[in-house]
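Observations on chain architecture
This is what each chain is made of:
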Amino acid sequence: MLTSRLMGPLLGCMVINLNLTTCRSPAESDPVPPSQAAAPAETKLEGVDTSQLTAREKAQWSAHVNQLLAPCESTPVPVAQCVKEKRDCAACTPAAQYLLEQVQSGHTKAQAEAAYRARFAADQVKSIDLLGSPSRGPGDAIITVVEFADFECPACKAASPALDKVLAENPDVRFVFKNFPLDMHPNAESAARAAMAADKQGKFWEMHHELFA
C-alpha cells in the first residue's frame with residue numbers, strides 16, 4: 001500500500017513523463033502514414049493508351065512524361081505539357097508513346113531515360129543528306145526511313161518485301177533509298193548505276209524491284 005510520503009514523488013514523475021512524451025513545437029504535426037500519403041495524380045495524354053498499365057507502371061510513366069523535356073529544343077517543357085498544350089513539336093506524342101513502351105518492357109528509370117536520350121536528344125541526331133536520293137511517300141512526313149542497300153545483297157533482297165508492306169500500311173511514312181554497293185559483290189556497282197539511270201527516267205522503283213527479283 002502506497003504511503004503519503006511515496007505518493008508525492010510518484011505523481012511528480014508521472015507529470016514529468018507526460019510532458020516529455022507530449023510536448024512539441026507548435027509547428028510540429030503528426031507524420032502522415034505512407035499508406036495515407038497523397039498518391040501522385042495519374043497523367044492522361046491524348047493519343048497515348050495507358051489502360052493496359054498497372055498502377056505502378058502508370059505512376060512510373062507519369063513521372064517520365066512530367067520530368068523529361070520534350071524532344072524539340074524549341075519546346076523546353078516536359079513531354080506531358082507539350083502534348084496537353086499541343087505545342088509546336090510533332091515528336092511529343094511519339095516520345096510519350098516511346099516512354100510507355102519503355103515502362104511496358106520493364107525498364108528501370110535509369111534505363112528508360114537513357115533510351116529516351118539515345119532516341120530523342122538533339123546531340124544524338126545524325127544528319128543524312130537526302131538530296132537527289134530516290135524516295136517514296138510525303139516529303140513532310142514525321143517519320144523518314146532511310147535504307148542503305150546493295151542490289152546483290154541477299155539480306156537486302158529479303159528485306160525489300162517487308163519494307164514494301166510497311167510502306168503500304170503506312171502511307172504517311174517517307175522511304176528513301178541510298179545505294180551502298182559492297183566491294184565483295186562484283187555486280188553491285190553496275191546494278192546501282194542501272195538503278196540511278198532508271199531514276200533519271202522516273203522509273204527507279206520499277207528497276208529497284210526488278211534488280212532485287
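Residues numbered from 1 in each chain as written. Predicted model: local features only at pLDDT ≥ 70, side-chain atom pairs only at ≥ 80, totals over all residues. Heavy atoms only, no water.

Turning to helix 5 (residues 109-120), a few remarks are in order. Relative to the 16 Å expected for 12 residues at 1.5 Å per residue, helix 5 spans 16 Å between its end C-alpha atoms, a close match to the ideal helical length. Buried residues in helix 5 make contact with helix 2 (55-67), helix 3 (79-84) and helix 4 (92-104). (Helix = DSSP H or I, 4+ residues; strand = E, 2+ residues; numbered from the N terminus. Expected span 1.5 Å × (residues − 1). Contact = heavy atoms within 4.5 Å.)

What follows deals with the environment of Phe 175. On the secondary structure map, Phe 175 appears in strand 3 (residues 174-179). It is 8.9 Å that separates the C-alpha atoms of Phe 175 and Leu 163, two residues lying 12 residues apart in sequence.

Let us now look at the confidence of the model for the protein chain. Close reading of the predicted structure is inappropriate where its pLDDT is low. Across the protein chain, the average pLDDT comes to 85, with 81% of residues at or above 70. Scored below 50 in pLDDT, residues 13-30 makes one contact in the model with residues more than four places away or belonging to other chains. Here residues 32-39 is modelled with pLDDT under 50, and outside its nearest four sequence neighbours on either side it reaches one contact, counting other chains as well. (pLDDT = per-residue confidence, 0-100.)

For strand 2 (residues 144-149) and strand 3, the ladder comprises six bridges, and the chain directions are parallel. Its bridge partner lying in strand 3, Thr 144 is registered against Arg 174. Handedness of the crossover joining strand 2 and strand 3 through helix 6 (residues 154-169): right-handed. (Pairing = 2+ DSSP bridges. Right-handed = clockwise from strand over helix to strand, strands pointing away.)

A few words on the packing of helix 2 against helix 5. Two packed helices can be described by the angle between their axes and the distance between those axes. Where helix 2 contacts helix 5, the axes come no closer than 11 Å and their chain directions differ by 40°. Taken as axis vectors, helix 2 and helix 5 run oblique relative to one another. Regarding helix 2 and helix 5, the two cross each other, and that crossing is right-handed. Facing Gln 60, His 64 and Gln 67 of helix 2, the residues of helix 5 in contact are Lys 109, Ala 112 and Glu 113. (Axes fitted to C-alpha atoms, helices over the stretch in contact; angles between N-to-C directions. Parallel < 35°, antiparallel > 145°, perpendicular 65-115°, else oblique. Left-handed = near helix turned anticlockwise from the far one by under 90°.)

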